[in-house]
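# Results of the structural survey
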Amino acid sequence: FRPGRNTLVLTHLDKVSQKVLEIYRAFYDSLPEEIKVSVRLRRASALHLELEFLGADGRPDPVAMPPSSFMVHTAQGLDLRGVTVHNLHLSEAAFYGNWVELTRGIIQAVPSTGNITLESTANGFNHFKDLVDSALKGSGRYRLIFYPWFAHPEYCIDLTPEATLALEKSLEEDERLLVLDHGDA
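Here we summarise the structure given alongside this text. Just so you know, the residues in each chain are numbered from 1, in the order the chain's sequence is written. Given that this is a predicted model, residues contribute local features only at a pLDDT of at least 70 and side-chain atom pairs are listed and counted only at 80 or more, while totals for whole chains, interfaces and linings are drawn from all residues. As a rule here, side-chain values come from all non-hydrogen atoms in the structure, and water together with hydrogens is ignored.

## Description of the overall build of the protein chain
As a reminder, the rule being used: Only DSSP runs of H or I with at least four residues qualify as helices, and only runs of E with at least two residues qualify as strands; both kinds are numbered from the N terminus onward. C-alpha atoms define the radius of gyration, and 2.2 Å times the number of residues to the power 0.38 defines the globule rule. Three exposure classes are used, based on accessible area relative to the maximum for each residue type with a 1.4 Å probe and protein chains only: buried under 20%, partly exposed in between, and exposed over 50%. A 1.4 Å probe and the Shrake-Rupley method give the accessible areas. Residues count as covered only by the protein chains that appear here. In this charge count, Lys and Arg are treated as positive and Asp and Glu as negative; neither His nor the chain ends contribute. Charge positions come from single atoms, namely NZ of Lys, CZ of Arg, CG of Asp or CD of Glu.
Looking only at helices and strands, one finds six helices and six strands in the protein chain. Listing the helices and strands of the protein chain from first to last along the sequence gives β-α-α-β-β-β-β-α-β-α-α-α. Computed over the C-alpha atoms, the radius of gyration of the protein chain is 21 Å, more than 25% above the 16 Å expected from 2.2 N^0.38 for a compact globule of 185 residues. Over its C-alpha atoms, taken along the principal directions, the protein chain stretches across nearly 65 × 40 × 30 Å. A buried classification covers 28% of the 185 residues belonging to the protein chain. Just so you have it, the protein chain exposes about 12700 Å², and 55% of that area is on carbon and sulfur atoms. One finds the centroid of the 18 positive side-chain charges in the protein chain at a distance of 11 Å from the centroid of its 25 negative side-chain charges.

And the structure:
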């Protein structure tokens, strides 16, 4: 946590926005006591957490250490005029139907010292794919970092020899060729 920072997470669905804020709240609630003595929840609503920072005397000093906000909203219909966002996370960005309109305003809310993170699962040939392609060529504004699900052991299971054989038999021809070309992870 850093004083005076606004963090915004945009999601593609209302129910996801609520879940993300629950995760932020659980993170705050599980902070170690040595951190909690210097920061406390000042205000909380359905889509917003505001933290205040405490001085050595245990009291807030909003001038020396301004509050920080964690906001979560859906991408549809968002208006951020007059808000500075230091950390912007566009979650499932490939699913935003209003990409041009949204980014025209939201990206300008992030100062040059801020952070912008776009993440998504694929959603066909759209604005997000164009951004990924530009990043792959090194010509875009963003840098691509890819974290495949299969690189995480908790998402993988060991198959019995029988299950492996059944899986191999179920593959389509193009899938078999991919396994031959790239291995079976």
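## Description of the side chain of Glu 50
Going by this rule: We call two N or O atoms a polar contact when they sit within 3.5 Å, provided that within protein one can donate a hydrogen and the other can accept it, with sequence-adjacent residues counted only if both atoms are side-chain atoms. Whether two residues touch is decided by their heavy atoms; if any such pair falls within 4.5 Å, the residues are in contact.
Of note, Glu 50 is situated in strand 3 (residues 48–53). At 2.8 Å, the side chain of Glu 50 forms a polar contact with the side chain of Arg 43. Beyond its immediate sequence surroundings of up to four residues, Glu 50 is in contact with Arg 40, Leu 41, Arg 42, Arg 43, Pro 67, Ser 68 and Ser 69.

## Some details on the pattern of salt bridges
What counts, and what does not: Should a side-chain nitrogen of Lys or Arg be within 4 Å of a carboxyl oxygen of Asp or Glu, the pair is scored as a salt bridge.
Going through the model one piece at a time under the given rule, you end up with eight salt bridges. Lys 19 is paired through a salt bridge with Glu 22; the nearest N and O atoms lie 3.5 Å apart. Of the two residues, Lys 19 and Glu 22 are both situated in helix 1 (residues 14–29); the distance of three residues between them amounts to about one turn of the helix. Judged by its relative accessible area of 47%, Lys 19 falls in the partly exposed class. Among the salt bridges present, the one from Glu 173 reaches Arg 176, with a minimum N-O distance of 3.8 Å. Of the two residues, Glu 173 and Arg 176 both sit in helix 6 (residues 173–182), three residues apart, roughly one turn of that helix. The class of Glu 173 is partly exposed, set by a relative accessible area of 49%. For Arg 176, a relative accessible area of 32% translates into the label partly exposed.

## Remarks on a nonpolar patch on the surface
Basically, it comes down to this: Patch construction takes residues with relative accessible area above 30% that form no salt bridge. Like charges are linked within 9 Å, and nonpolar side chains (Val, Leu, Ile, Met, Phe, Trp, Tyr) are linked within 5 Å.
On the surface, a nonpolar cluster with roughly 280 Å² of combined accessible area is contributed by Phe 1, Phe 27 and Ile 35. Residue position: Phe 1 is located in the segment before strand 1 (6–11).

## A few points about the packing of aromatic side chains
How we decide: Any two rings among Phe, Tyr and Trp, with Trp reduced to its six-membered ring, count as a pair given centres within 6.5 Å; such a pair is stacked if its planes are under 30 degrees apart, edge-to-face if over 60, and tilted if neither. Working rule: Lys NZ or Arg CZ, within 6 Å of ring centre, within 35 degrees of ring normal, means a charge sits over the ring.
Throughout the structure, instances matching the rule amount to three aromatic pairs. Here the aromatic rings of Tyr 96 and Trp 99 are separated by 6.2 Å at their centres, their planes lie at 35 degrees, and the arrangement is tilted. Between the NZ or CZ atom of Lys 36 and the centre of the ring of Tyr 28, over which it lies, the distance is 5.6 Å.

## Side note on the pairing of strand 4 (residues 68–74)
The following threshold applies: Strands qualify as paired when DSSP identifies two bridges or more between them.
Counting buried positions along strand 4 yields six of seven residues, so the element is predominantly enclosed. Examined bridge by bridge, strand 1 and strand 4 share six bridges and lie parallel to one another. Bridging across to strand 4, Thr 7 finds its partner in Phe 70. As paired elements, strand 3 and strand 4 share four bridges and run antiparallel to each other. Bridge assignment links Leu 49 to a residue of strand 4, and that residue is Phe 70.

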